[in-house]
Amino acid sequence: MLQTIAKPPLTIRLCQPRGFCAGVDRAIQIVVLALKKYGAPVYVRHEIVHNRYVVEGLQSLGAVFIEELSEIPPEHRQSPVVFSAHGVPKSVPADAQARNLFYLDATCPLVSKVHKQAMRHQRLGRHVLLIGHAGHPEVIGTMGQLPEGAVTLIETEADAARLVPNDPKALGFVTQTTLSVEDTAGIIRALQDRFPDLQAPAAESICYATTNRQEAVKDTAPGADLYLIVGAPNSSNSRRLVEVAERAGARMSLLVQRAAEIPWNDIGNISTLGLSAGASAPEIIVDEIIDAFRQRFDVTIDLAITATETEDFPVMRVLRDVELTPADMAFVNGAA
Ligand code: SF4
């Protein structure tokens, strides 16, 4: 007689909110709507959001990803080009205009808000300190809102300790939207200790989605045997979630792009798994990962609701006359 072996029990603490934020949702919508309205190809400068599944999905619909506008062939100059959610330096729309290109700017409104805060500091005669990670497209975009030399990038508390400004009384800071809330607070404190006249931006730079996802992970990490964050290695907010989980007490914390990346042999005996997804990771991959655990464990889902998000950023006027089918909506929302 065949014996069925009982699967070991596993509780999955599933964070809510997790995954797509309003800025990512809007950026993907812009590409899908542009493809429907203008037809393929639609060019997209840089990964529209940092997620391979999303990028490949859009490529299959006719989007072409480029890094520089010069890559658009002359015969496709009439096709739209979309700028990614991370924002672009001012030189990019200027270059698009010079080339007579039709561009759609999918910069998240919360990134644009940081751009405005940086420009406001400069207008008020302050040198701008941008707290962020060198090389990230959002940082390149924010620095590129102001003339060269007007912004200094601060990555760490050590950078804050080393800074020698021309006028310590005329400084203002902004931050990247996707940083660790805790680390950033430490850097700001270090700057304020040295420069008491340092001016904060008029509104918080770290966005609601980053803050909410970090809070949810922090709440659910203590006692977790393993914490998985769904996201890409180049996704800043996803990588911060891995760090938050570790610091908050998860025994092990890993970033995975797909279920196939779960290192089953390294996981060992686990009874509690924490699970969340970065702001650019679609829900369909969260489902894929839960299914992979169901095949090996007797899973109980413990939904940990720590915030309710109602943010919704409308697309630009020129795309509002295009309708999305239920299938389009499922893709835009990360469910397909
Ligand atoms: S993570 Fe924040 S800033 Fe980035 S796209 Fe989402 S809402 Fe906008």
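Cut-offs used in this document
- Residue positions within a chain follow its written sequence, with the count starting from 1.
- Side-chain atom pairs in this predicted model are given and counted only at pLDDT of 80 or more, local residue features only at pLDDT of at least 70, and totals for whole chains, interfaces and linings cover all residues.
- The side-chain figures draw on all heavy atoms in the structure; neither hydrogens nor water molecules are used.
- Strands here mean DSSP runs of E at least two residues long; helices mean DSSP runs of H or I at least four residues long; both are numbered from the N terminus.
- Accessible area is worked out with a 1.4 Å probe on protein chains only. A residue is then buried under 20% of its type maximum, exposed over 50%, and partly exposed in between.
- Contacts are assigned to residue pairs that have any heavy atoms within 4.5 Å of one another.
- A side-chain nitrogen of Lys or Arg and a carboxyl oxygen of Asp or Glu constitute a salt bridge if their distance falls within 4 Å.
- To estimate the expected span of a helix, count its residues, drop one, and scale the result by 1.5 Å.
- One heavy atom within 4 Å of a molecule or strand makes the whole residue count as near it.
- For this classification, Asp, Glu, Lys and Arg are treated as charged, while Ala, Val, Leu, Ile, Met, Phe, Trp, Tyr, Cys and Pro are nonpolar and the rest, including Gly, are polar.
- The definition of a nonpolar core used throughout is a set of buried Ala, Val, Leu, Ile, Met, Phe, Trp, Tyr and Cys residues joined through side-chain atoms within 4.5 Å.
- For this analysis, a ring pair means two rings from Phe, Tyr or Trp (six-membered ring only for Trp) whose centres lie within 6.5 Å, classed as stacked if their planes differ by under 30 degrees, edge-to-face if by over 60, and tilted for the remaining angles.
- The rule for a charge over a ring is simple: NZ of Lys or CZ of Arg within 6 Å of the ring centre, and within 35 degrees of the ring normal.

**Q** Would you mind showing me how to read the side chain of Q257 here?
**A** When you line up the elements, Q257 lands in the loop between β10 (253–256) and α10 (264–267). For Q257, a relative accessible area of 16% translates into the label buried. Discounting residues that sit within four places of it in the chain, Q257 has contacts with R52, V230, G231, A232, P233 and I285.

**Q** For this particular structure, what's the right way to read the pattern of salt bridges?
**A** Pairs can form between side chains of opposite charge whenever their charged atoms are close. Within the structure shown, the criterion is met by 14 salt bridges. For R18, the salt bridge goes to E283, with nearest N and O atoms at 2.6 Å. Taken together, the residues R18 in the loop between β1 (9–16) and α1 (22–38) and E283 in helix α11 (residues 283–296) connect sequence positions 265 residues apart. What makes R18 buried here is its relative accessible area of 17%. Since its relative accessible area comes to 23%, E283 is described here as partly exposed. Note that D159 is salt-bridged to R162, the shortest N-O span being 2.6 Å.

**Q** What is the right way to read the environment of L104 from this model?
**A** The residue L104 is located in strand β5 (residues 102–105) in this model. Between the C-alpha atoms of L104 and G186, which are 82 residues apart in sequence, the distance is 37 Å. Leave out the neighbours within four places in its chain, and L104 touches I30, A34, P80, V81, V82, F83, M316, V318 and L319.

**Q** For this particular structure, what's the right way to read helix α9 (residues 236–247)?
**A** Helical geometry: 3.6 residues make up each α-helical turn, so side chains three or four residues apart lie on a common side. Between its terminal C-alpha atoms α9 stretches 17 Å, which fits the 16 Å expected from twelve residues at 1.5 Å a residue. Residues of α9 that are buried include every one of S236, N237, S238, R240, L241, V242, V244 and A245, and no others. Against the buried residues of α9 lie α8 (208–220), β9 (226–230), β10 and β11 (272–277). Immediately downstream of α9, the backbone of G249 shows phi near 120 degrees, a positive value.

**Q** Help me out: how do you make sense of the site of the ligand in this one?
**A** Every residue near the ligand is listed here: C21, G23, V24, C108, L110, V111, T177, T178, C207, Y208 and A279. Elements represented by at least two residues in the shell around the ligand include exactly α1 and α4 (109–123). When the residues that make up the shell around the ligand are grouped by side-chain class, the tally is eight nonpolar, three polar and no charged.

**Q** Teacher, can you tell me more about the nonpolar core here?
**A** In globular proteins that are soluble, nonpolar side chains generally tend to be buried together. In this structure, I28, I30, V31, I48, V49, L58 and V82 are the most contacted members of the largest nonpolar core, which totals 39 residues. Only α1, β2 (42–45), α2 (52–61), β3 (63–66), α4, α8 and α12 (326–332) provide two or more residues apiece to this core. Excluding residues that lie within four positions of it along the chain, V82 makes contacts with I30, V31, V42, Y43, V44, R45, I48, L104 and A106. In this structure, L226, V230, A259 and L273 belong to the second largest nonpolar core, which totals 23 residues.

**Q** For this particular structure, what's the right way to read the packing of aromatic side chains?
**A** Where two aromatic rings form a pair, the distance of their centres and the angle of their planes describe that pair. A full pass over the atoms with the stated rule returns four aromatic pairs. Aromatic side chains F293 and F297 sit 5.9 Å apart centroid to centroid with 35 degrees between the ring planes, which places their arrangement in the tilted category. According to the relative accessible area criterion, F297 is buried, its value standing at 10%. In this structure an aromatic cluster arises from ring pairing among W264, F293 and F297. Taking the ring centre of W264 as reference, the NZ or CZ of R296 above it sits at 3.8 Å.

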